Amino acid sequence: MRQFTAVVNPTAGGSSGAAGLLVVARLLREAGAELDTQYSRSLEHAQELARQAGEQGRVVLAVGGDGMAGCVGGALSGTDAVLGLVPAGRGNDFARALGLPTDPAELVDVLLNGSPRPVDTIEVESAVHARTSVLGSVYSGVDAVANLHANSAKLLRGSASYYAGGLRAMATWRPAAFRVTVDGVEYERSGYTVVAANSGYYGSGRNIAPGARIDDGLLDVVIIRHAPRHLFFAMMNELKTGAHVDRPEVEIVRGKEVRIEADRPVPYGTDGEVNATLPVTARVQPGALKVLH
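## Comments concerning the packing of aromatic side chains
Aromatic ring pairs: the centre-centre distance and the angle between the two ring planes describe each pair. On inspection of all chains with the given rule, the structure shows one aromatic pair. Measuring from centroid to centroid gives 5.7 Å for Tyr139 and Tyr202, while their planes differ by 80°, and the two rings are edge-to-face. Here Tyr202 lies in strand β10 (residues 201-202) and Tyr139 lies in strand β7 (residues 137-141), a separation of 63 residues in the sequence. The burial state of Tyr139 is the same as that of Tyr202; both residues are buried. The residue whose ring lies beneath Arg96 is Tyr201, and the NZ or CZ to ring-centre distance is 6.0 Å. The ring of Trp173 carries Arg264 above its face, with NZ or CZ at 4.8 Å from the centroid.

## Thoughts on empty space enclosed by the protein
Applying the stated criterion across every chain yields a total of two cavities of 30 Å³ or more. What the second largest cavity holds in volume is close to 60 Å³. Every residue lining the second largest cavity is listed: Ala62, Gly64, Gly65, Asp66, Met68, Ala69, Leu85, Val86, Pro87, Asn92 and Ala95. Secondary structure elements with two or more residues in the lining of the second largest cavity: β3 (59-64), α4 (66-76) and β4 (82-87). Classifying every residue of the lining of the second largest cavity gives seven nonpolar, three polar and one charged.

## With respect to helix α9 (residues 229-238)
Helical geometry note: an α-helix holds 3.6 residues per turn, so side chains three or four residues apart project in the same direction. Buried residues of α9: Phe232, Met235 and Met236, and no others. One face of α9 carries all of its buried residues, which in axial projection span an arc of 105°.

Cut-offs used in this document
Along each chain, the written sequence defines residue order, and numbers are assigned to residues from 1. Only residues with pLDDT of at least 70 are given local features in this predicted model, and only at 80 or more are side-chain atom pairs given and counted; all residues enter the totals for whole chains, interfaces and linings. To obtain the side-chain values, all non-hydrogen atoms of the structure were included, while hydrogens and water were left out. Only Phe, Tyr and Trp rings take part, Trp by its six-membered ring, and two of them pair if their centres are within 6.5 Å. Stacked means planes under 30 degrees apart, edge-to-face means over 60, and tilted covers everything else. Under the scheme used here, helices are H or I runs from DSSP no shorter than 4 residues and strands are E runs no shorter than 2 residues, and both carry numbers assigned from the N terminus. Accessibility here uses a 1.4 Å probe with only protein chains present; expressed as a share of the type maximum, an area under 20% marks a residue as buried, one over 50% as exposed, and anything in between as partly exposed. When the NZ atom of lysine or the CZ atom of arginine is within 6 Å of a ring's centre and also within 35 degrees of its normal, the charge is said to sit over that ring. Buriedness for pockets is judged along seven lines, at least five of which must meet protein on both sides within 12 Å for an open set on the 1 Å grid over protein atoms alone, while cavities are sets there where a 1.4 Å probe fits but cannot get out, and lining residues have an atom within 4 Å of a point. Grid points are joined across faces, edges and corners, and a volume is the space filled by probe spheres set on the points. In this count, Pro and Cys sit with the nonpolar residues alongside Ala, Val, Leu, Ile, Met, Phe, Trp and Tyr, while Asp, Glu, Lys and Arg are called charged and the others, Gly among them, polar. The arc refers to the directions leading from the helix axis to the C-beta atoms.

Pasting the structure below:
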């Protein structure tokens, strides 16, 4: 029987992080599994707790949203530790990419009986991130501004908070001059956003990179070039299905290493967290993390 350590973000999704573990914890213990619960004071503390549990041979459960999944999974990247996800945040986009069930009983079955699957991670390097690892994507531009607004929303949850954040971001956004270097090839584009995606989903189910796979050893780099604002709002709606990729303003390049720069201090985010500005370099780390699925 597997032994688990749950690393909990008690404030994820508007204080639903701890609540999200309750049913899962009861079902795990009823099945005979040993479960230790650790509450994190910060994302850095969560990484420390995850590494300690992983070194003890325990399955580490990241309980919270994409920020928690990214920091815990990033801490375990490149080790033999196994990660399990208990989605309890706003977006839960990496869990969505893994195809994890939302029903607690079905999720517990995955945690108890699922096979560890090797997936890719992203090494992020910048003035703020000194070679850290994340799971889903690195995104810059208006999307990062929208994410900042979504994270500060008090009344809205899930996709509604991201959509409202996008409207606020567009109110003051002016096109940035991006320089995107993918495996040594430069692309100079004026526009809204650049996303280096390992997982296809971000922003609570928006399918920004429909062709992205978490185990193909590549990043899908999505560039949204300048367009009239009404077209950008149309593209926001098309992100639900991935139909935006058919627009001429959307360009997708695949590669292993991506450098994103801009002509001004444009913010970028990783896995739901925004706390830095460009430039940033993202590198895929093939099969670096074992995840229960």
